[in-house]
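Understanding the architecture of this molecule
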Amino acid sequence: MGDTILYALSIIGLGWYAAMWTIGLIGCRAARKRYTLRPRSPLAAASPLNAPGVSILRPLKGLDTNLYENLESTFTQEYPNYEVLLSVADGSDQALPVIRALIAKYPTVNARIIIGEEIVGVNPKVNNLIRSYREAANDILWVLDSNVMVHPGTLARSVDALLSKPPKSSPHKRVALVHHVPFAYACESRLGSRIEEAFLNTNHAKMYLAINTVAVESCVVGKSNLYRRSDIDQLDGSLRPHVIDGETAPLAPSGLHVFGRFLAEDNMIASALWHELGLRHDLSCDVVRNVVGNMSIWDYIWRRVRWIRVRKHMVLTATILEPFTETIMIAMIGSASASYLVKFPPWIFLLCHFPLWLLVDLDVYKSLAGHPLPSNIRGEFLAAWVARELLAFPIWLLAVFGNEVIWRGQRYQVLRNGEVRESVG
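Residues numbered from 1 in each chain as written. Predicted model: local features only at pLDDT ≥ 70, side-chain atom pairs only at ≥ 80, totals over all residues. Heavy atoms only, no water.

1. Focus on the packing of aromatic side chains
Tallied over the full model, the rule gives 8 aromatic pairs. Considering the side-chain rings of Trp21 and Trp357, the 5.0 Å spacing of their centres and the 80° angle between planes classify their relative orientation as edge-to-face. Here the residue Trp21 occupies a position in helix α1 (residues 2–35), and Trp357 occupies one in helix α12 (residues 346–369), the gap between them amounting to 336 residues. Just as Trp21 is buried, Trp357 falls in that class too. Aromatic side chains Phe259 and Phe262 sit 6.2 Å apart centroid to centroid with 40° between the ring planes, which places their arrangement in the tilted category. Comparing Phe259 with Phe262, the two get one shared label, buried. Ring-pair connections join several aromatic residues into one group, and the members of that group are Tyr17, Phe344 and Phe349. Here Arg289 stacks its cationic end above the ring of Tyr185, 5.2 Å away from the centre of that ring. We note Lys343 situated over the ring of Tyr340; from NZ or CZ to the ring centre the distance is 6.0 Å. (Phe/Tyr/Trp six-rings, centres within 6.5 Å; stacked < 30°, edge-to-face > 60°. Helix = DSSP H or I, 4+ residues; strand = E, 2+ residues; numbered from the N terminus. Buried < 20%, exposed > 50% of the residue type's maximum accessible area, 1.4 Å probe, protein only. Lys NZ or Arg CZ within 6 Å of the ring centre and 35° of its normal.)

Okay, structure coming up:
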């Protein structure tokens, strides 16, 4: 009986190992295919009358790293018909002088400042966005975090993706949201910054692209999202289809404000578009440059803890399985299974596994960056990659046994479905 169980577990282990390699290679291939060419969109040279209007919303708080350059990239978009709305919660925000300097530098860009938040929930980003969302002149909205920078052609190519025709097999499944893979750039050589850079530019990007290529479930981060306000106004955050067997679900409060109760509002909006309206997402051929500031190792650890704890209440099964998708755990499973089934030496297995896994990750980096890993950061990057892999399981263990998170200095208790409430005491 014991041998039978070990044999079955070894077969399952090798199958899991093969599945993880398949997912990784799907992500690697998707990166090569999607980011090799970034053609100029015809919309970049169109007249304002022939290009759909877009409102760019940038909620801001304080002086994020590289803030001037990040915001300036929105003012230099090669698109004929857009406005920029920059919002802060109060009139003393340190970002205001930067915003005013850019508006003075680009007087031909239709840009304005919105001061004052509207409290609709515990999420400060949603509170900051509400007025911009309502006052935007256009139905198409592009919401960008303050710590990302975009290429001048990103908006035009993203609108192309949003307006693309649905597949013939699912003519009702139009694109409702266009998102972008974050490509991290560490401007500080601190260990936490380098680990965050290595994580986002390899394993995170690879898995993100693979999941979005297979497209069996919504998977979106909120650094840069383009969608229609008319779609968001139909969402109630329940993630239940609005039409079931031809019957329309009862009306419930809907719109951006209902997502103020979630910490990961961007992911919830994307999931709601997917599940409630039955629409789909798409990636453009652009990345957004995510500038990583002065991050210590503990900053990195607690950031990862925060999002694992939030994700645990949104997708429990995926969160429980997460350690078994990491390279060290995969290597242990694969080597043990191969050793039991065919007496393959574990040390040879591991010597082959880790260099090949790293090569795939570096290939993903090359596709996103448009060039190989620069030699001047190679040593730090590879050390950070190793540190990230070694830390993955301990961080998961720390995160999975807890429900409290800290975000922008405020403590929150994570509830069901990713909803949060402020912690007391």
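2. What to know about the packing of helix α2 (residues 67–75) against helix α3 (residues 96–105)
Across the interface, α2 lies against α3 with an axial gap of 10 Å and an inter-helix angle of 35°. For the pair α2 and α3, the crossing hand works out as right-handed. Each of Leu67, Tyr68, Leu71, Glu72 and Phe75 in α2 lies in contact with α3, whose residues at this interface are Val98, Ile99, Ala101, Leu102, Ile103 and Lys105. (Axes fitted to C-alpha atoms, helices over the stretch in contact; angles between N-to-C directions. Left-handed = near helix turned anticlockwise from the far one by under 90°. Contact = heavy atoms within 4.5 Å.)

3. Some thoughts on unusual backbone geometry
Even without being a glycine, Asn66 presents a positive backbone phi close to 65°. Along the chain, the position of Asn66 falls in the loop between β1 (54–59) and α2. Residue Asn66 is classed as partly exposed on the basis of its relative accessible area of 27%. The phi dihedral of Ala215 falls on the positive side, at around 55°, and the residue is not glycine. Here Ala215 is to be found in the loop between α6 (191–214) and β7 (224–228).

4. Some remarks on α3
Residues of α3 that are buried include every one of Leu96, Val98, Ile99 and Leu102, and no others. Projected onto a plane normal to the axis of α3, the buried residues spread over an arc of 160° and lie on a single side. Opposite the buried face of α3, by more than 90 degrees, sit the exposed residues Pro97 and Ala104. Summarising the contacts, the buried residues of α3 are in contact with α2, β2 (82–88) and β3 (110–115). (Arc of directions from axis to C-beta.)

5. Thoughts on the sheet that holds strand β13 (residues 420–422)
The 3 strands lie next to each other as β11-β12-β13, forming an open sheet whose pairing is antiparallel. Each edge of the sheet is formed by a strand with only one pairing partner; in this case those strands are β11 (404–407) and β13. Strand after strand, the sheet turns through a mean of 40° between neighbouring axes, direction not considered. In terms of strand pairing, β11 meets strand β12 (residues 410–414) through 4 bridges, oriented antiparallel. Across the sheet, the residue bridging to Trp407 is Gln410, located in β12. Contacts from helix α9 (residues 297–312) reach β11 and β12 within the one sheet, and its direction differs from that of β11 by about 130°. (Pairing = 2+ DSSP bridges.)

6. Quick look at the sheet that holds β3
If you walk across this open sheet you meet the 8 strands as β3-β2-β1-β4-β7-β6-β10-β5, and the pairing is mixed. At either end of the open sheet lies a strand with only one pairing partner, and these are β3 and β5 (148–149). Summarising the sheet, β2 and β3 pair through 6 bridges and their orientation is parallel. Considered in β3, the bridge of Ser87 is made with Ile114. Against the sheet, α6 contacts β6 (175–186) and β10 (280–292), and its axis sits at roughly 155° relative to β6.

7. As for the layout of surface pockets
A probe as big as a water molecule, rolled over the atoms, marks out the empty space that is left. For the second largest pocket, the calculated volume is near 450 Å³. The wall of the second largest pocket is formed by 19 residues, among which Arg34, Asn212, Thr213, Ala215 and Asp282 lie closest to the centre. Counting residues per element, the ones that place at least two in the lining of the second largest pocket are α1, α6 and β10. Ranked by residue count, the leading element in the lining of the second largest pocket is α1, at 5 residues. (1 Å grid on protein atoms, 1.4 Å probe; cavity = no way out; pocket = protein on both sides within 12 Å on 5 of 7 lines; lining within 4 Å. Points joined across faces, edges and corners; volume = space filled by probe spheres on them.)

8. Digging into the pairing of β12
Between β11 and β12, which pair antiparallel and follow one another directly, the connecting turn spans 2 residues, one of which, Arg408, has a positive phi of 50°. Relative to β13, β12 runs antiparallel, the two being bridged by 3 bridges. Among the inter-strand pairings, Val414 is bridged to a residue of β13, identified as Val420. Hairpin connection of β12 to β13: 5 residues between the antiparallel strands, including Asn417 at a positive phi of 60°.

9. Structural notes on a nonpolar patch on the surface
Together, Ile5, Leu6, Tyr7, Leu9, Ile11, Ile12 and Tyr340 make up a nonpolar patch on the protein surface, roughly 670 Å² of accessible area in all. Among the elements that line the nonpolar patch, the one with the most residues is α1, at 6 residues. Residue position: Ile5 is located in helix α1. Assessed through its relative accessible area of 44%, Ile5 is described here as partly exposed. (Patch = residues over 30% accessible without salt bridge, like charges linked within 9 Å, V, L, I, M, F, W, Y side chains within 5 Å. Areas by Shrake-Rupley, 256 points an atom, 1.4 Å probe, with all protein chains shown as cover. Salt bridge = Lys/Arg side-chain N within 4 Å of Asp/Glu carboxyl O.)

10. What to know about the pattern of salt bridges
Evaluated as defined, the whole model comprises 21 salt bridges. Asp363 is the salt-bridge partner of Arg32, the closest N and O atoms lying 2.8 Å from each other. Remark: Asp363 occurs in helix α12 and Arg32 occurs in helix α1; sequence separation between them is 331 residues. With a relative accessible area of 48%, Arg32 lands in the partly exposed category. For Asp363, a relative accessible area of 16% puts it in the buried group. Between Glu380 and Arg194 there is a salt bridge, with the nearest N and O atoms lying 2.7 Å from each other. Of the two residues, Glu380 is situated in helix α13 (residues 378–400) and Arg194 in helix α6; the sequence distance between them amounts to 186 residues.

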